[in-house]
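Spelled out from the first residue to the last, the chains are:
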Amino acid sequence: MFAVFRAASKRLALLIAVMTLVAACQPGSVVATGPSVDTRKAVPVALLVPRGSASAGDQVIARNLENAARLAIADLQGVAIDLRVYPTAGRPDQAAASARKAVEDGAKIILGPLYAESANAAGLAVAPRGISVLSFSNNTQIAGGNVFVLGPTFENSANRLASHAVAQGRRNFMVVHDPDLAGQSGRSAIERAVARSGGRIAGTGTYELSQNGVVQAIPGLAERTRSSGADAVFFTAPTAGALPLLAQLLPENRVDPASVKFIGLTRWDIPPSTLALPGLQGGWFALPDPDLARRFEGRYMAAYGEPAHPTASLAYDGIAAIGALLRQGSSDALTVRALTQPSGFAGVNGVFRLRPDGTNERGLAVAEIRNNQVIVIDPAPRSFAGPGS
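Being a predicted model, the structure only gives us computed values, none of them experimental.

Basis of the calculations
Residues numbered from 1 in each chain as written. Predicted model: local features only at pLDDT ≥ 70, side-chain atom pairs only at ≥ 80, totals over all residues. Heavy atoms only, no water. Salt bridge = Lys/Arg side-chain N within 4 Å of Asp/Glu carboxyl O. Buried < 20%, exposed > 50% of the residue type's maximum accessible area, 1.4 Å probe, protein only. Helix = DSSP H or I, 4+ residues; strand = E, 2+ residues; numbered from the N terminus. Pairing = 2+ DSSP bridges. Axes fitted to C-alpha atoms, helices over the stretch in contact; angles between N-to-C directions. Contact = heavy atoms within 4.5 Å.

Turning our attention to the pattern of salt bridges. Per the stated rule, a full pass over the model turns up 19 salt bridges. Here D269 makes a salt bridge to R267, at a shortest N to O gap of 2.8 Å. Residue R267 is classed as partly exposed on the basis of its relative accessible area, which comes to 31%. In this structure, the salt-bridge partner of R362 is D317, at a minimum N-O distance of 3.0 Å. Residue R362 is found in strand 13 (residues 360-362), and its partner D317 is found in helix 10 (residues 312-326); the two are separated by 45 residues along the sequence. A relative accessible area of 10% places R362 in the buried class. A residue is classified by how much of its surface remains accessible, and D317, at 0% relative accessible area, is buried. The structure contains a network of salt bridges with shared partners spanning R51, E66 and R70.

The subject of this paragraph is the sheet that holds strand 3 (residues 109-111). The parallel open sheet is built from five strands, whose spatial order is 2-1-3-4-5. Two strands in the sheet have a free side with no partner beyond their single neighbour: strand 2 (81-87) and strand 5 (147-149). Strand-to-strand, the axes of this sheet are offset by a mean angle of 25 degrees, without reference to chain direction. Relative to strand 2, strand 1 (residues 43-49) runs parallel, the two being bridged by seven bridges. Across the sheet, the residue bridging to L48 is Y86, located in strand 2. Of the strands in this sheet, strand 1, strand 2 and strand 3 touch helix 3 (residues 92-104), which is tilted by about 150 degrees from strand 2. Against the sheet, helix 4 (residues 116-126) engages strand 1, strand 3, strand 4 (133-135) and strand 5, with an angle of about 175 degrees to strand 4.

As structure tokens, then:
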């Protein structure tokens, strides 16, 4: 078990690095208004990918991002996009240089890059030119100015789940979080979401990020949960980290998931083996519309003969948003005002919109694990026409 947890911790570190949850960068201070575009001609769009990195994983991601972007372009009707791909090597300095080169070449908007520090650097490099950067990062710390994040955020999941839980009568939340920066960020997102939804934080607790650390912390976490009056426990831990141990040991220490709802900030269906954990039966987590996601994954496989990397859909969504704006035929189609239209866009993972502060909002479904299967109990919204839009 010790070796398994150490391996899981390494996978967790890799996931955090890839999805840029913890890089602490400052957002660009210059707000882009946006360039004028001629929608009668092919509009130059730059795609920044981590090609040239020493990491084999980055090469796979770069290929997937470009493939998905081209798949999206092929789906556009009445819009011509001239996609130009630039390498970042996964480095901020190269991302900044590539962003400047792309604008010099005529790019009207930049899609990518992946990593938070690179996205921040690219945004700063082109902010004086009024060019927006739709990054694939999900790190909201870099959002703002001319930089937007397309990636799924903790705020997205926390808001969706807290709102649903309160609507179902769960109002007192115990937050059990990883001690690292990602865990602290997740805890903060949950606290804000619970307050916004009218719930109450009954208590918080953490543990040392190791197998022994979790085991040693369990009695205290369980006692705090029972004594706090919590009717729900919100976990930040991913499936590759502490979650399996927490799901096993808390019930063994008299925290009954039949009466105290277990809720996950991360996806509990990846890997699928997580669905078989006894402690997670009846638990809730948020995910994009499963039907739409399966449709995209099937199309990608048919087109390219390999499974789509999880980040690939973000490239498709970025092109879909750009295409939808260009289709309106306005010269100011790529201004910040246009990008942040309240109605948002339709992507392969469902509806999403960009906020003026550079963050995003995505329409998510709420799922419950029943008999080792994912059951959607509250479907993802198909538009932002309702309250809060």
